[in-house]
Amino acid sequence: MQQAQFPSQAFPAYPRLSVNKPDGWVELAAVGLPLALAAEVPAGAFRPNVLVTLTRHGADFQVEHAVKDLNKRLKALTRFREEERVTDHAHGGDRIRVRGRFAGARGEVVRQDVSVVVINRGHVYDVVEITGTCSLASGDNRETEIRSVIDSLVVTCDE
């Protein structure tokens, strides 16, 4: 009798992920995500953050599924206004980047940058999503930091 195992060619290992962590930001290991960072801010202030998720899908998954899911989630945000959308190829897969703003729970305007990468791994597709969020009251400095973290994403897939 043979064994099936993970990782293997049929069941590839999950990608390794890394991002740059700006000074004054902390890792949020307790949130249960592959990667999560947040800026250290005074109590009661909006806490800028960058969250990374990783999901695995079957062989019938298509990039269009990821786009549809992202659109649905963005539409659910209160008064979401899309400002930019770019589709390209990055990290070994197809990438969708969306930048926009919405009304936050405390009445502030919240900026959100999302990058979704769909990576064909043969028998499965891995979807890496990195989302950065900050209040516009945080100023351009936080937006720049968030974009820098998102742009620093490295996705490494073992063959």
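Residues numbered from 1 in each chain as written. Predicted model: local features only at pLDDT ≥ 70, side-chain atom pairs only at ≥ 80, totals over all residues. Heavy atoms only, no water.

Right, let's talk about the side chain of E145 for a bit. Locating E145 in the fold gives a position in helix α2 (residues 140–151). We classify E145 as buried; its relative accessible area is 15%. Those residues within four positions of E145 in sequence are excluded, and the remaining contacts are P22, D23 and W25. (Helix = DSSP H or I, 4+ residues; strand = E, 2+ residues; numbered from the N terminus. Buried < 20%, exposed > 50% of the residue type's maximum accessible area, 1.4 Å probe, protein only. Contact = heavy atoms within 4.5 Å.)

Residues V128 and I130 are the most contacted members of the largest nonpolar core, which totals 17 residues. Elements represented by at least two residues in this core include exactly β3 (35–39), β4 (49–57), β7 (109–120), β8 (125–135) and α2. Not counting residues up to four positions away in its chain, the partners in contact with V128 are L17, V52, T53, L54, S115, V116, V117, I119, L153 and V155. Within the second largest apolar cluster, 11 residues are counted, among which are F61, L70, V116 and V127. (Core = buried A, V, L, I, M, F, W, Y, C linked by side-chain atoms within 4.5 Å.)

With that settled, consider the sheet that holds β3. Read across the open sheet, the seven strands follow the order β2-β3-β4-β8-β7-β6-β5; overall the sheet is antiparallel. Two strands lie at the open edges of the sheet, namely β2 (25–27) and β5 (81–90), each paired on one side alone. Strand-to-strand twist of the sheet, defined as the mean angle between neighbouring strand axes without regard to direction, takes the value 15 degrees. For β2 and β3, the ladder comprises three bridges, and the chain directions are antiparallel. Residue pairing across strands places E27 opposite L37, the latter belonging to β3. Packing against the sheet, α2 makes contact with β2, β3, β4, β6 (93–103), β7 and β8, and its axis sits at approximately 170 degrees to β8. (Pairing = 2+ DSSP bridges. Axes fitted to C-alpha atoms, helices over the stretch in contact; angles between N-to-C directions.)

Comment: phi is negative for the bulk of residues other than glycine, and the bulk of peptide bonds are trans. Between F6 and P7 the backbone carries a cis peptide bond, its omega angle lying at -5 degrees. Within the secondary structure, P7 is located in the segment before β1 (16–18). Notably, R79 is not glycine yet its phi reads approximately 50 degrees, a positive angle. The topology assignment puts R79 in the loop between α1 (63–75) and β5. Classification of R79 as exposed rests on a relative accessible area of 67%. Even without being glycine, H91 reaches a positive phi, approximately 55 degrees. Tracing the backbone through its elements, the reader meets H91 in the loop between β5 and β6. Owing to a relative accessible area of 25%, H91 belongs among the partly exposed residues under this scheme.

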